[in-house]
Amino acid sequence: MLIDHINNSKSQTLLKWQFNTRSGISTAAFGVTESLRFYLPLVCGDPFLYIAKDAVAAKKAKEEISALCGEEVVLLPAKDDVLLFKKLFNKDNVFDRISAIHKIKNGAKYVVTTMEALMQPLPLDMPSLNLYSAREYSLDALVKILTLMGYRRSEFADQRGEFALRGDILEIFPTDSDCAFRCDFFGDEIERIRVIDEDRKSGEEVRSFACLPAVDFFIEEGDVARITAALGNSLKKFRLVGAKMKSTAIYKDITACFESGNLTDQRLGFLYPLLTNTTNDVFTYFKQCKAVYFDEPKMIKDSAEAAYKEHLSRFESLFEAGEAFDFSINNLVDVQKVMDAITLPKHSFQNINTVIGLFSPLDTIRFNCTPMTHYQRDATQLPTDIWNWQ
């Protein structure tokens, strides 16, 4: 791993940071350059949650930390929209969030996210399906399970979140996969599993594959009556004629899904605040986490508060128009609720001395370092820096 070659045991400041993070002493580090901020969380060696100021910074942090440690770093993204009842939305964004939750639940060591992503609700639990060749399965049962997981049946499984059944051939395109899989059945047994390439030709044979759900919400049949009643009560709160008409149309679409037994229609994510199988605590999944690192905490707080303020403003206008219900406001919680759920040691790093705002550190550290040289622009500086480091 690259990090093994750049550890500097001579730096007293770095040794103090290492001691504090390993001891669980919440610490704020100042004078931290861009390259150093990706290195500092790895010094301790324990699983951590890294919170970046925005989605762009989070993506870069994921790539840089992964390059340093040589291990997978999971990026938990925020959903694009949590207020509207709509059919068309960015499915890839939802699928990426589902995949991240699954990886966190199954032992991810390093997780990068944004505060806005943590302010959005998560499912308390997520089903998954593993299929193996030379094992017996009921095709009818598999179709039912895939449907309950939000997969859509089509003639061919050409897109993520789709499946197709033609005779004894079951095709599934998992939401976290770049390709579909073809299961050839002989009776109730999967005789073989093959990858389907872009030209829809069966290619490499594999022994197994996994399917994650296509939706991040799960409605139990026993919840339908309660949710329907809550929707009815919400309808009474609209005063304007136009708002009543739009909200009633949404109500009818939702109840039509219920009556048809379609409890995984993508639009039903609109009901998240009414569901019981939800949480705003990412540590429900990330139990192995030992510390939380805030990259520029003031910027994180400012960005999150701006997102929440925009959420409240949008909610008010959409509610007045009948496009959001009274419970829709809870599709995003405020920053303080997220911070209240973080009971682990908190550490932060920033370039300049500023008020942290999100928490009160028990210790502070000042790094004296300069920004990393862009060696692509000046390669002659590289051997000099390597010599000085040693």
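Rules behind the numbers
Residues numbered from 1 in each chain as written. Predicted model: local features only at pLDDT ≥ 70, side-chain atom pairs only at ≥ 80, totals over all residues. Heavy atoms only, no water. Pairing = 2+ DSSP bridges. Helix = DSSP H or I, 4+ residues; strand = E, 2+ residues; numbered from the N terminus. Axes fitted to C-alpha atoms, helices over the stretch in contact; angles between N-to-C directions. Contact = heavy atoms within 4.5 Å. Core = buried A, V, L, I, M, F, W, Y, C linked by side-chain atoms within 4.5 Å. Buried < 20%, exposed > 50% of the residue type's maximum accessible area, 1.4 Å probe, protein only. Phe/Tyr/Trp six-rings, centres within 6.5 Å; stacked < 30°, edge-to-face > 60°. Lys NZ or Arg CZ within 6 Å of the ring centre and 35° of its normal. Salt bridge = Lys/Arg side-chain N within 4 Å of Asp/Glu carboxyl O. 1 Å grid on protein atoms, 1.4 Å probe; cavity = no way out; pocket = protein on both sides within 12 Å on 5 of 7 lines; lining within 4 Å. Points joined across faces, edges and corners; volume = space filled by probe spheres on them. Nonpolar A, V, L, I, M, F, W, Y, C, P; charged D, E, K, R; others polar. Expected span 1.5 Å × (residues − 1). Arc of directions from axis to C-beta.

Student: In this structure, what is going on with the sheet that holds strand β15 (residues 291–295)? I would like to understand it.
Tutor: For sheets, the rule is that strands pair by backbone hydrogen bonds, running either parallel or antiparallel. The 7 strands are arranged β3-β4-β2-β15-β16-β1-β17 in an open sheet whose pairing can be described as parallel. The open sheet has two free edges, formed respectively by β3 (73–76) and β17 (363–366), since each of these has just one partner strand. Across the sheet, the axes of successive neighbouring strands diverge by a mean angle of 20°, strand direction being ignored. Set on the sheet, helix α4 (residues 55–69) makes contact with β2 (48–52), β3 and β4 (110–114); between it and β4 the angle comes to about 165°. Helix α5 (residues 91–105) contacts β3 and β4 of the sheet and is inclined by roughly 135° relative to β3.

Student: Please explain the nonpolar core as it appears in this structure.
Tutor: Taken as a class, soluble globular proteins show a tendency for nonpolar side chains to be buried jointly. The biggest cluster of nonpolar side chains holds 61 residues, and the ones touching the most others in it are Leu49, Met115, Ile219, Ile254, Phe258, Leu271 and Phe294. Those residues in contact with Phe258, other than ones at most four positions away along the chain, are Ile219, Val224, Ile227, Thr228, Leu263, Leu268 and Leu271.

Student: Sorry, what's going on with the packing of aromatic side chains here?
Tutor: Ring pairs (aromatic) are described by centroid distance and by the angle formed between their planes. By the definition in use, this model includes 15 aromatic pairs. Seen in terms of ring centroids, Phe181 and Phe209 are 4.4 Å apart; in terms of plane orientation they differ by 10°. Their pairing is stacked. Separated by 28 residues along the polypeptide, Phe181 in strand β10 (residues 180–186) and Phe209 in strand β13 (residues 208–211) bring together distant segments of the chain. The same class applies to Phe181 and to Phe209, which are both buried. Relative to Phe359, the ring of Phe294 has its centre 5.5 Å away and its plane inclined at 35°; by these criteria the two rings are tilted. Residue Phe294 is located in strand β15, and its partner Phe359 is located in the loop between β16 (346–350) and β17; the two are separated by 65 residues in the primary sequence. Residue classification places Phe294 among the buried positions, given a relative accessible area of 0%. Looking at Phe359, the relative accessible area reads 11%, which means it is buried. Here the aromatic cluster, defined as three or more aromatic residues joined through ring pairs, consists of Phe85, Phe238, Phe270, Phe315, Phe319, Phe325 and Phe327. When the ring centre of Tyr132 is taken as origin, the NZ or CZ atom of Arg135, which lies over that ring, is 4.1 Å away.

Student: Sorry if this is basic, but what is going on with the pairing of strand β11 (residues 189–196) here?
Tutor: Two faces, one strand: in a regular strand the side chains alternate between the faces of the sheet. Examined bridge by bridge, β10 and β11 share 7 bridges and lie antiparallel to one another. Paired with Arg182 across the two strands is Arg194, which belongs to β11. Here β10 folds back onto β11, and the loop between the two strands holds 2 residues, one of which, Gly187, carries a positive phi near 70°.

Student: What is the right way to read the pattern of salt bridges from this model?
Tutor: Close approach of charged atoms allows side chains of opposite charge to pair. Within this structure, the stated rule accounts for 20 salt bridges. Across the pair Asp295 and Arg37 runs a salt bridge, and its minimum N-O distance is 2.3 Å. Here Arg37 lies in helix α3 (residues 34–39) and Asp295 lies in strand β15, a separation of 258 residues in the sequence. Note on Asp295: relative accessible area 8%, which makes it buried. Overall, the relative accessible area of 9% leaves Arg37 in the buried class. Of the charged contacts, one joins Asp92 and Arg160 as a salt bridge, the two residues approaching to 2.9 Å between their closest N and O atoms. You can see Asp92 sitting in helix α5 and its partner Arg160 sitting in the loop between β7 (152–153) and β8 (162–166), a full 68 residues away along the chain. Overall, the relative accessible area of 41% leaves Asp92 in the partly exposed class.

Student: Please clarify how empty space enclosed by the protein should be interpreted in this entry.
Tutor: Gaps left between atoms are located by rolling a probe of water-molecule size over the structure's atoms. Summed over the entire model, instances satisfying the criterion amount to 1 cavity of 30 Å³ or more. Roughly 40 Å³ of volume is contained in the largest cavity. Along the walls of the largest cavity sit Leu118, Asn280, Asp281, Val282, Phe283, Val338, Ala341 and Ile342, which together make up its complete lining. Residues that form the lining of the largest cavity fall into these classes: 6 nonpolar, 1 polar and 1 charged.

Student: Please clarify how helix α8 (residues 224–235) should be interpreted in this entry.
Tutor: An α-helical turn contains 3.6 residues, so a residue and the one three or four places further along point in the same direction. Helix length check: α8, at 12 residues, gives a terminal C-alpha distance of 16 Å against a target of 16 Å (1.5 Å per residue), a fit within 8%. When α8 is considered as a whole, its buried residues turn out to be Val224, Ile227, Leu231, Ser234 and Leu235. Buried residues along α8 cover an arc of 100° about the axis, so they all sit on one side. Considering only its buried residues, α8 is in contact with α9 (241–260).

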